[in-house]
Amino acid sequence: MEDRYRRQKAFIEVGESGQALLSKARVVICGMGALGAMVAERLCRSGIGFMRLIDRDWVELDNLPRQTLYTTRDALEIRPKSIAAFEHLSAINPDILLEPIVEDLTHLNAEKWMSDVDCIIDGTDNFETRYLINDLSARCRIPWVHAGIVGASGQSMAFVPAKTACFRCLLPEPPPVEQMQTCDSAGVLGAAVGVIASWQAMEAIKILLKKEIAGDGFLRVFDLWAGEVRKIRVPRNLASESPVFQPGCRTCVQYQFDFLDGKMGTHARVLCGRGAVQLQSSGRGHLDLALLAKRLRKEGQVTENAFLVRFTHLPYIVSVFADGRAIVQGTENPDEARKIYARWIGG
Ligand SMILES: [Zn+2]
């Protein structure tokens, strides 16, 4: 039989033994947008044994210039990204085990979805989830590969617990909200995504191959328009006694997991570049989507599939998932979104 991985195994750093390691490796991809979906495809083609694909959103037409895993049909059918990705990746490599999850990653489900893997991939679009991943990584000693992109610039760093600095050594507190929503105004170039996602996949493969070079302690900043890559050494923020006492990094030195313990973070989240707010479910459990669709049909236009019900009452579009989570389009004001949700879906 033809050997799918022949050329990959011929690369000396992989070999038979490396390929065997990859085939047993377990990875979770947090966020299946531009970066996450491309990293997932790269790892899938490399023969990673198990991948969990987590995403809270559906495919839209304006994703397609950079989210190369998805098709126009996915967008027209309003398919959740993790479900669409599951189907495309299964066709690309049927030998690997894939687990699609249509949920938002929060402190409530972080341990359930991220603690049983060898590496975590940051495909998120917000700082809050990155701090959550960082907390989980430090607590469960699981390496993660961060990346972010705006315009044609991006950054990436592999965080390996007890070896490198962590995300909170790099950035002790989340930046102010007004700085966090820049990807809308700056846009993003698909070709740049390809470079940074491939670098992220590269780092993950080094980690999974258990190579010494994995997690070299550098943040890499890519300016792909200018064609420049900067390497910045990020030291661990260790405790020190002199000249004045410094307690060191709150996460990887003090072991305080503010995000994982739910002490920091919000339940309504403005979605970057979407003109939308996501409302977290209040823990009331699974919704009967068919029943909800039937009720809403009396009030306005309803479209539905197996994963969500979309209710249009312009200027608002409310999409409700089976887990009770909702995305309200037509506002970036969390209070207004809550009001709309309470009015049409239920308080
Ligand atoms: Zn740290």
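### Observations concerning the pairing of strand β4 (residues 119–122)
So, point 1. Burial along β4 is two-sided: the face carrying Cys119 and Ile121 and the face carrying Ile120 and Asp122 are both buried.
So, point 2. With four bridges joining them, strand β1 (residues 26–30) and β4 adopt parallel strand pairing. Bridge pairing in β4 places Ile29 opposite Ile121.

### Side note on the packing of helix α3 (residues 34–46) against helix α5 (residues 81–92)
So, point 1. Two elements in contact, α3 and α5, have axes separated by 10 Å at closest approach and are oriented at 25 degrees. Viewed along their axes, α3 and α5 adopt a mutual orientation that is roughly parallel. By crossing handedness, the relation of α3 to α5 is classed as right-handed. On α5, the residues that touch Ala37, Ala40, Glu41, Cys44 and Arg45 of α3 are Lys81, Ala85, Leu89 and Ile92.
So, point 2. For the contact of α3 with α5, the per-class residue count stands at six nonpolar, no polar and three charged.

### Details of the pairing of β1
So, point 1. Burial of β1 is extensive: four of the five residues sit out of reach of the surface.
So, point 2. Pairing between β1 and strand β2 (residues 50–55): five bridges, direction parallel. By the bridge assignment, Val27 is partnered in β2 with Met51.
So, point 3. As a crossover connection, the stretch from β1 through α3 into β2 is right-handed.

### Observations regarding unusual backbone geometry
So, point 1. Residue Pro243 is bonded to the preceding Ser242 through a cis peptide linkage, with omega at 0 degrees.
So, point 2. Assignment of secondary structure puts Pro243 in the loop between β8 (228–233) and β9 (268–271).
So, point 3. Between Leu314 and Pro315 the backbone carries a cis peptide bond, its omega angle lying at 10 degrees.
So, point 4. With respect to the helices and strands, the residue Pro315 is situated in the loop between β12 (308–313) and β13 (316–321).
So, point 5. Even without glycine at this site, Arg141 takes up a positive phi of about 60 degrees.
So, point 6. In this fold, Arg141 is placed in the loop between α7 (127–140) and β5 (144–150).
So, point 7. The class for Arg141 is exposed, based on 11 C-beta atoms found within 10 Å.
So, point 8. Unlike most non-glycine residues, Lys210 shows phi in positive territory, near 55 degrees.
So, point 9. Tracing the backbone shows Lys210 in the loop between α11 (190–208) and β7 (218–223).

### Things to note about the sheet that holds strand β10 (residues 276–279)
So, point 1. Strands sit in the order β9-β10-β14-β13-β12-β11 across an open sheet of six strands; the sheet is antiparallel. The sheet terminates laterally at β9 and β11 (301–304), the two strands that pair on one side only. The sheet shows a mean angle of 20 degrees between the axes of neighbouring strands, taken without regard to direction.
So, point 2. Bridging between β12 and β13 involves six bridges; their strand directions are antiparallel. When the bridges of β13 are listed, Leu308 appears paired with Phe321.
So, point 3. Across the face of the sheet, helix α12 (residues 289–296) comes into contact with β11, β12 and β13 while running at roughly 15 degrees to β12.
So, point 4. Contacting β9, β10, β12, β13 and β14 (326–329), helix α13 (residues 334–344) runs over the sheet at an angle of about 65 degrees to β10.

### Considerations on the nonpolar core
So, point 1. By size, the foremost hydrophobic cluster in this structure holds 94 residues, and its most contacted members are Val27, Ile29, Ala40, Cys119 and Ala204.
So, point 2. Top contributing element to this core by residue count: α11, with nine residues.
So, point 3. The two domains that each donate at least three residues to this core are domain 1 (6–233) and domain 2 (268–344).
So, point 4. Apart from residues no more than four positions distant in its own chain, Cys119 is found in contact with Val27, Ile142, Pro143, Trp144, Val145, Ala204, Ile207 and Leu208.

Rules and cut-offs
Residues numbered from 1 in each chain as written. Predicted model: local features only at pLDDT ≥ 70, side-chain atom pairs only at ≥ 80, totals over all residues. Buried ≥ 20, exposed ≤ 12 C-beta atoms within 10 Å, placed from the backbone. Helix = DSSP H or I, 4+ residues; strand = E, 2+ residues; numbered from the N terminus. Pairing = 2+ DSSP bridges. Axes fitted to C-alpha atoms, helices over the stretch in contact; angles between N-to-C directions. Parallel < 35°, antiparallel > 145°, perpendicular 65-115°, else oblique. Left-handed = near helix turned anticlockwise from the far one by under 90°. Contact = placed C-beta atoms within 7 Å. Nonpolar A, V, L, I, M, F, W, Y, C, P; charged D, E, K, R; others polar. Right-handed = clockwise from strand over helix to strand, strands pointing away. Core = buried A, V, L, I, M, F, W, Y, C linked by C-beta atoms within 7 Å. Domains from an automatic or database assignment.

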